[in-house]
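Survey of secondary and tertiary structure
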Amino acid sequence: MYKIIDGKLVSQSVKDDVKAQTLKLKEQGIDVTLAVIIVGDDPASRVYVNNKKKACEYVGFKSLEYALPSDTTQQQLMDLVNELNNREDVNGILCQLPLPKHLDEKEIIEAISPLKDVDAFHAVNVGKIMIGDYDFLPCTPAGVMEMLSYYDIDVTGKNCVVIGRSNIVGKPMAMLLLHKNGTVTITHSRTVDLKNVTNKADVLVAAIGKAKFVTADMVKDDAVVIDVGMNRDQNGKLCGDVDFENVAPKCSYITPVPGGVGPMTIAVLMKNTLKACKLQNNLK
Ligand code: NAP
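This report concerns the structure included in the present document. (Residues numbered from 1 in each chain as written. Predicted model: local features only at pLDDT ≥ 70, side-chain atom pairs only at ≥ 80, totals over all residues. Heavy atoms only, no water.)

As a further point, take the side chain of Asp241. Tracing the backbone shows Asp241 in the loop between β10 (238–239) and α9 (244–247). It turns out Asp241 is buried and unbridged, and the closest side chain with the opposite charge, Lys210, is 9.3 Å from it. Within the structure, Asp241 has its side chain in polar contact with the backbone nitrogen of Lys210 (distance 3.0 Å). When sequence neighbours within four positions are dropped, the list of residues in contact with Asp241 reads Ala206, Ala207, Ile208, Gly209, Lys210, Ala211, Lys212, Phe213, Val214, Asp227, Gly229 and Asn231. (Helix = DSSP H or I, 4+ residues; strand = E, 2+ residues; numbered from the N terminus. Buried < 20%, exposed > 50% of the residue type's maximum accessible area, 1.4 Å probe, protein only. Lys, Arg positive; Asp, Glu negative; His and termini not counted. Salt bridge = Lys/Arg side-chain N within 4 Å of Asp/Glu carboxyl O. Polar contact = N/O pair within 3.5 Å; in protein donor to acceptor, adjacent residues only side chain to side chain. Contact = heavy atoms within 4.5 Å.)

In structure tokens form, the structure reads like this:
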């Protein structure tokens, strides 16, 4: 019988730990502050930003929201980022992606100070993750690692297959599994005979963005399956990249969607923001 990896449970424990540490900082007169920038009126982005604000409230952070109109210029956005970089009371800066098409995301990401880059998207932080010596965790992949650790799933020596090679999920996911001594294979849309590769996975991470893409015939018996995907099925219902109903019975552990990786991403964001505040105050 498979076991469900409960992202709500694990994220709650991460947030409670952050909350306790935030309280200690408050007692020393230090506030933790996250600035969130949202440009335009994308409904999905609005939901993500609201969830981040709620999490900030829960752990005791101050959150500052900058909701800019969709016709904001690159210069206006750069000016805001620079202002926030220079503000001593702001510990973390997050710019909700995607930005409207006319804006240059890459330039904005690189403009955020690496010391306040709590999404860990800046090239400096990405490089540090690669080296394995980093302050800010890549939020979604680190959330996956938290879940594995909570359930005592050791990836040492295991065949770990990641489907997807994006900069925010697939690549850093592979790095974190590698740092924990997994034998890691990264696959993507050009991989030949994907099924043959995934069938050898002891740990399979799906980060594709295609509803129910991973089917039972792609999964080895007793595999640990982590579903990062967040998609809508034909009925508009939230679903992952894994065909949960048919894959789950083959697994030892599996994450559901919703209630799996999703809540972990925000929990790790809180962890990173706390870390930023501590670093900026020369605290461990
Ligand atoms: P992305 O940038 O679109 O990357 C998707 C990856 O999947 C690409 O590397 C692509 O390969 C690969 N892929 C596409 N079709 C494939 C196929 N037929 N066979 C094998 N690989 C294939 O997406 P992302 O940002 O990594 O996000 C992936 C999913 O995770 C999405 O559903 C997203 O909503 C979700 N997500 C969830 C969270 C969370 O908090 N739970 C956070 C971030 C993302 P190529 O590189 O060759 O094109």
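Right, let's get into the state of the cysteines. If you walk through the whole model with that rule in mind, you get 0 disulfides. The cysteine Cys95 is free of any disulfide, with Cys139 supplying the nearest cysteine sulfur at 14 Å. Cys277 takes part in no disulfide bond, and the closest cysteine sulfur to it belongs to Cys56, at a distance of 12 Å. Residue Cys277 is classed as buried on the basis of its relative accessible area of 1%. (Disulfide = S-S within 2.5 Å.)

Before going further, it helps to examine the sheet that holds strand β4 (residues 92–95). As a general point, the strands of a sheet are linked pairwise by backbone hydrogen bonds and lie either parallel or antiparallel. Here 3 strands make up an open sheet; going across it, the order is β3-β2-β4 and the pairing parallel. Edge positions in the open sheet fall to β3 (62–68) and β4, since each of these has one partner strand only. Averaged over all pairs of adjacent strands, the angle between their axes in this sheet comes to 15°, without regard to strand direction. Along the sheet face, helix α3 (residues 74–86) touches β2 (33–39), β3 and β4 and points at about 180° away from the line of β2. (Pairing = 2+ DSSP bridges. Axes fitted to C-alpha atoms, helices over the stretch in contact; angles between N-to-C directions.)

Glancing now at the environment of Ser166. Along the chain, the position of Ser166 falls in the loop between β5 (159–163) and α7 (170–179). Setting aside chain neighbours within four positions, we find Ser166 in contact with Lys171 and Pro172. In terms of polar contacts, Ser166 uses its side chain to reach the backbone amide nitrogen of Val169, at 3.0 Å.

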